[in-house]
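So the chains spell out like this:
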Amino acid sequence: MKKTISIALFFLLVLRFNNYAQQTTTTTTTTTTTTNSSYSNEKYGKTLNLGLGIGGYAGYYGYAGHTMPVFHIDYEFDVAKSFTLAPFISFYSYKDGYYWGDKNDPYKYYYYHETVVPIGVKGTYYFDKLLHANPKWDFYLAGSLGFAIVHSSWDNGYNGDMNYYRDANPLFLDLHIGTEYHFNSKLGIFFDLSTGVSTIGLAIH
């Protein structure tokens, strides 16, 4: 609950700052005309996004039960006004120890290893124009759909329940809300809040 409130406050502060900045930059008719023109001409595609997140306790990654880094990469294409599609691939790997033994095997910790590669497509709608966003900022809602390639194994010598750990679901659907700040026309930094794993990273235009 505290995390949700903090995130909501963060977005409200960003929007308030954005509206203030927009008012400052549109004090003349000429500036207003230029800003409106930038909305109509703005493209969001041809963007490479490189992100890093922490998963393991919520959403698609919640089954792991402990924190782990998740690496993410996608490439956005313009398909309609203010809407992009982005093929993506993510990667994470983890291991966990399970104390086990029987009359034929010594009691000790055996480790379960899992590597997961989610692959899919992310659809993103940008609502900068609706919010009268400052050109330095982008705001969006998105959904991602895909499947996961899962490889799992146990240490040699483990003869217990191979299904003690639950594998990742091969199919997933996540929702996203996020923002990007543009340092310049070629580079930005984004924060993507997701029902799967939230990421922060660089956007290369």
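Residues numbered from 1 in each chain as written. Predicted model: local features only at pLDDT ≥ 70, side-chain atom pairs only at ≥ 80, totals over all residues. Heavy atoms only, no water.

*Asks:* Summarise empty space enclosed by the protein; cite the residues concerned and give the values.
*Replies:* Summed over the entire model, instances satisfying the criterion amount to 1 cavity of 30 Å³ or more. Of the voids in this model, the largest cavity is the one considered here, and its volume is about 320 Å³. As for the largest cavity, its lining consists of 27 residues, and the residues nearest its centre are H72, D74, K122, H176 and D192. Elements represented by at least two residues in the lining of the largest cavity include exactly β2 (68–80), β3 (83–100), β4 (108–126), β5 (137–154), β6 (171–182), β7 (187–194) and β8 (199–204). (1 Å grid on protein atoms, 1.4 Å probe; cavity = no way out; pocket = protein on both sides within 12 Å on 5 of 7 lines; lining within 4 Å. Points joined across faces, edges and corners; volume = space filled by probe spheres on them. Helix = DSSP H or I, 4+ residues; strand = E, 2+ residues; numbered from the N terminus.)

*Asks:* A description of the pairing of β5 should follow, citing residues and the corresponding values.
*Replies:* Where β4 meets β5, 15 bridges bridge the pair, whose relative direction is antiparallel. Across the sheet, residue I119 finds its bridge partner in β5, namely F147. In this sheet, β6 lies alongside β5 in antiparallel orientation, the contact comprising 11 bridges. Paired with L145 across the strands is L173, a residue of β6. (Pairing = 2+ DSSP bridges.)

*Asks:* If you had to explain the sheet that holds β5 to someone new, which residues and values would you point to?
*Replies:* Pairing is antiparallel in the closed barrel, where 8 strands are placed in the order β1-β2-β3-β4-β5-β6-β7-β8. Looking at each pair of strands side by side, their axes are set apart by 25° on average, direction ignored. Relative to β8, strand β1 (residues 47–55) is paired through 6 bridges, and the arrangement is antiparallel. Within β8, the residue paired with G51 across the bridge is G201. (Axes fitted to C-alpha atoms, helices over the stretch in contact; angles between N-to-C directions.)

*Asks:* I'd like a description of the nonpolar core, backed by residues and values.
*Replies:* Formed by 18 residues in total, the largest nonpolar core has its most connected members in Y92 and W154. When contributions to this core are tallied by element, the ones reaching two or more residues are β2, β3, β4 and β5. Among the elements that take part in this core, β3 stands out by supplying 4 residues, more than any other. Excluding its chain neighbours within four sequence positions, the residues that come into contact with W154 are Y98, Y110, Y111, Y112, D161, M162, Y164 and Y165. (Core = buried A, V, L, I, M, F, W, Y, C linked by side-chain atoms within 4.5 Å. Buried < 20%, exposed > 50% of the residue type's maximum accessible area, 1.4 Å probe, protein only. Contact = heavy atoms within 4.5 Å.)

*Asks:* Let's hear about the confidence of the model for the protein chain: which residues, and what values?
*Replies:* Should the pLDDT be low somewhere, the predicted coordinates at that spot are not to be read in detail. Residues with a pLDDT of 70 or more make up 78% of the protein chain, whose mean pLDDT is 82. By mean pLDDT, the top-scoring element of the protein chain is β8 (97), and the lowest-scoring one is helix α1 (residues 2–25) (46). Below a pLDDT of 50 lies the segment residues 1–18, which in the model reaches 18 contacts outside its immediate sequence neighbourhood of four places, other chains included. Note on residues 20–35: pLDDT under 50 across the span, and 12 contacts to partners over four residues away in sequence or across chains. (pLDDT = per-residue confidence, 0-100.)

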